[in-house]
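Here are the chains, one letter per residue:
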Amino acid sequence: MSKTASKLEAIDLNAYYGDFHALKNINIDMEEKAVTAFIGPSGCGKSTFLRTFNRMNDYIEGFRVEGQILIGGQDIYQKNVRVDELRKEVGMVFQKPNPFPKSIYENVVYGLKIQGIKKKSVLEEAAETSLKRAALWDEVKDKLHKSALALSGGQQQRLCIARALAISPSVLLMDEPASALDPISTAKVEELIYELKNDYTIVIVTHNMQQAGRVSDSTAFFYMGELVEYAKTKTMFTSPKDNRTQNYITGRFG
Amino acid sequence: MRVSEKIIEGLLWLSAVITILITAGIIWVLLSESISFFQVVSLAEFLTEDEWTPLFAEKEFGILPLVAGTLLTTAIAIAVALPLGLTIAVYLNEYAHARMKQIVKPMLEVLATIPTVVYGFFALTVVTPFLQTLIPSLAGFNALSAGIVMGIMIIPMISSLSEDAISSVPRSLREAAYGMGSTRLQTSFGVMVPAASSGIVVSVILAISRAVGETMIVAIAAGQQPRLTLNPLVPIETITTYIVQVSLGDVPQGSLEYKTIFAAGITLFVFTFALNNLSFWIKKKYQEKYD
């Protein structure tokens, strides 16, 4: 997979948890180096869909997909795709900050270390660059070898972003990255997303309409496992085509 | 409060107190008998003398050979049980399907329910002859095969407690590791095992404590020759074996020889008591707080 081929597509995608039909016939073609927001009420399938792009659902017993997920034109559900290799291209930031119970430095360089990179100068440089990109460097540069668990929730989340950036993925999946954070930390994370989109294809799942409006270029609205509407964020928020979208973004349900 | 409530409360209190009294009683017997032993044999002699021959004409009272025998068999047991137990724990947690886990875990626990006397004869009549085909110089009674079999016995202790510790690590950490492109192996040994390390250490300490106190296997298969050595190929004697040997023998009650078993017993008690407390302390101090 080359670095520039970070276009995300789904073709006739269906996903099931056992008998439950979680994603229904999804077709989407997302912009490269832009932010796409997935919105929709709880249980609509947006997180499930997000997790098909790095095959994070593989570990759930009874989960299966039909159809295709293409990243840079390659179907990632093909048998010959190695999920560990895939995830080096497709980084992920989770809903709740989940740093490893290790030092800040060890967290950032983890992804490089498991790839067998041992050279200290390389690791240190990568740690600094990633922490700077995640706007955390100034806050932690004097305590890199302290436990990551001692950081605040907002700092932990930016550390998780730095950790994901350190292995230089081309795609960044964010599953409600700010939902467990206070407003100030949320603002910082949003600012960060805005900056990162110059270099990464970002997909963000969010419950927060304002957030989707602030950070995303395009928005996809999911409802009951269906992709109801997909459009430029501005268009969708000003003139939604579907009634269900209209009702959701105006807060009539959700 | 109603009378029946009071009676029940009293019974509950009594059963709690009885166990404490029994423990206190055991400690008291050990102490009182060994105090009269230490009035004859100095503590310094007991701890530094390198021979243990209380039943011979020329008596020496150095506990070191018995301690060495105990530590040797225990070390062999842990060397067998830790890698196997931990691998099993990781397998069950990370690789095995739910149904596989449901079958394997109870089967493993069967290992812990086999009477130790059976293990002892297994060591003596199966493991030792087998090892002798590989190591011709191996004595009929030896620390090696007793230690190995003892290790097999404590595998479920380590695998079961470690598996509990690993599965209590939050799922979000596993996802973080997978999300970074870790393989299953990197996830389990690089993230899950370290995050569960306090629980794993506790399981190992409890297993050590169990091995130190184990009696039948070593009494049957390791020999009864107190010897200050770390050579696993020759007969040795552990603290527990010595106690059995003297208790079953015709040593007159009240004699100095008789009192040696209490001195040996209190040494054993100090070991296991310290280990259990250590595990308790580690559990309390290092248990990762997750929500």
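Under an unreviewed UniProt entry, the name given to chain B is Phosphate transport system permease protein, and the organism recorded is Pontibacter ummariensis. What UniProt records for chain B under Sequence similarities (unreviewed entry) is the sentence "Belongs to the binding-protein-dependent transport system permease family. CysTW subfamily." According to its UniProt record, chain B has this under Subcellular location (unreviewed entry): "Cell membrane".

The name given to chain A in an unreviewed UniProt entry is Phosphate ABC transporter ATP-binding protein, PhoT family, and the organism recorded there is Pontibacter ummariensis. Quoted verbatim from the Function (unreviewed entry) heading of the UniProt record, the comment on chain A is "Part of the ABC transporter complex PstSACB involved in phosphate import. Responsible for energy coupling to the transport system."

Asks: Where do I start with the overall build of chain A in this structure?
Replies: Helix and strand counts for chain A stand at 10 helices and 10 strands. Computed over its C-alpha atoms, the radius of gyration of chain A comes to 18 Å, within 12% of the 18 Å expected for a compact globule of 254 residues. Over its C-alpha atoms, taken along the principal directions, chain A stretches across nearly 55 × 45 × 30 Å. Residue burial in chain A is summarised as follows: out of 254 residues, 55% are buried. Considering chain A, the positive charge centre built from 33 side chains and the negative charge centre built from 31 side chains are found 4 Å apart.

Asks: Can you walk me through the layout of surface pockets in this structure?
Replies: Vacant regions in the atomic arrangement are exposed by a probe of water-molecule size rolled over the atoms. All names here are of chain B. When its volume is computed, the largest pocket comes out at roughly 630 Å³. Elements represented by at least two residues in the lining of the largest pocket include exactly α3 (64-95), α4 (98-111) and α7 (171-179). Among the residues making up the lining of the largest pocket, the classes are represented as 8 nonpolar, 3 polar and 9 charged.

Asks: Would you mind showing me how to read the confidence of the model for chain A here?
Replies: Parts of the model with low pLDDT should not have their predicted coordinates read in detail. Scored by pLDDT, chain A has a mean of 92; 97% of the residues are at 70 or more. The secondary structure element of chain A with the lowest average pLDDT is helix α7 (residues 183-196) of chain A, at 90, and the one with the highest is strand β8 (residues 201-205) of chain A, at 96.

Asks: Could you clarify how one ought to interpret the UniProt feature "transmembrane region" (unreviewed entry) in chain B in this entry?
Replies: Residues and elements named next belong to chain B. Mapped onto this numbering, the UniProt entry annotates "transmembrane region" (unreviewed entry) at residues 12-31, 63-89, 110-131, 143-166, 187-208 and 261-282. Across residues 12-31, the secondary structure splits into 100% helix and 0% strand, with the terminal C-alpha atoms separated by 29 Å. Across residues 187-208, helical content stands at 95% and strand content at 0%; the span's end C-alpha atoms are separated by 27 Å.

Asks: Is there a simple way to explain the interface of chain A and chain B in this structure?
Replies: One widely used convention gives an interface's size as the accessible area the parts lose upon coming together. On the chain B side, the residues contacting the 23 residues of chain A number 21 residues. Overall, the association of chain A and chain B removes approximately 1800 Å² of surface from exposure, summing both partners, and the carbon and sulfur fraction of that is 59%. When the buried area of chain A at its contact with chain B is split by residue, A:Tyr59, A:Tyr110 and A:Ile114 rank highest and sum to 24% of it. Taken together, chain A and chain B are joined by 1 salt bridge. Between B:Glu175 and A:Arg51 there is a salt bridge whose closest N-O contact spans 2.9 Å. Counting across the interface, chain A meets chain B through 5 residue pairs in polar contact (both at pLDDT 80 or more). Within the residue set of the side of chain A that touches chain B, elements represented by two or more residues are α2 (83-89), β6 (90-93), α3 (104-114) and α6 (153-166) of chain A. Of the residues assigned to the side of chain A that touches chain B, the class counts are 13 nonpolar, 2 polar and 8 charged.

Asks: Mind showing me how you'd approach the UniProt feature "domain: ABC transmembrane type-1" (unreviewed entry) in chain B here?
Replies: The UniProt entry lists residues 67-279 of chain B under the feature "domain: ABC transmembrane type-1" (unreviewed entry), expressed in the numbering used here. Along residues 67-279 of chain B one finds 77% helix and 0% strand; the C-alpha atoms at either end are 21 Å apart.

Asks: Would you explain helix α8 (residues 184-195) of chain B in this entry?
Replies: For α8(B), built from 12 residues, the straight-helix expectation of 16 Å at 1.5 Å per residue is met to within 8% by its first-to-last C-alpha distance of 15 Å. When we look at burial in α8(B), the residues that qualify are B:Thr187, B:Ser188, B:Val191, B:Met192, B:Val193 and B:Ala195. Looking at the packing, one finds that the buried side of α8(B) touches α3 of chain A together with α3, α6 (143-167), α7 and α9 (197-213) of chain B.

Asks: I'm lost on the packing of α3(B) against α6(B) in this one. Help?
Replies: For any two helices packed against each other, the geometry comes down to the angle between their axes and how far apart the axes lie. All names here are of chain B. The N-to-C vectors of α3 and α6 enclose an angle of 35 degrees; their axes lie 6 Å apart at closest approach. Between α3 and α6 the crossing geometry is right-handed. Taken together, the residues of the contact of α3 with α6 break down into 22 nonpolar, 9 polar and 1 charged.

Definitions and limits used
Residues numbered from 1 in each chain as written. Chains lettered and ligands numbered in written order. Predicted model: local features only at pLDDT ≥ 70, side-chain atom pairs only at ≥ 80, totals over all residues. Heavy atoms only, no water. UniProt positions renumbered as here; feature names shortened; annotations may be inferred. Helix = DSSP H or I, 4+ residues; strand = E, 2+ residues; numbered from the N terminus. Rg over C-alpha atoms; globule rule 2.2 N^0.38 Å. Buried < 20%, exposed > 50% of the residue type's maximum accessible area, 1.4 Å probe, protein only. Lys, Arg positive; Asp, Glu negative; His and termini not counted. Charge placed at Lys NZ, Arg CZ, Asp CG, Glu CD. 1 Å grid on protein atoms, 1.4 Å probe; cavity = no way out; pocket = protein on both sides within 12 Å on 5 of 7 lines; lining within 4 Å. Points joined across faces, edges and corners; volume = space filled by probe spheres on them. Nonpolar A, V, L, I, M, F, W, Y, C, P; charged D, E, K, R; others polar. pLDDT = per-residue confidence, 0-100. Contact = heavy atoms within 4.5 Å. Buried area = accessible area lost by both parts, 1.4 Å probe. Salt bridge = Lys/Arg side-chain N within 4 Å of Asp/Glu carboxyl O. Polar contact = N/O pair within 3.5 Å; in protein donor to acceptor, adjacent residues only side chain to side chain. Expected span 1.5 Å × (residues − 1). Axes fitted to C-alpha atoms, helices over the stretch in contact; angles between N-to-C directions. Left-handed = near helix turned anticlockwise from the far one by under 90°.

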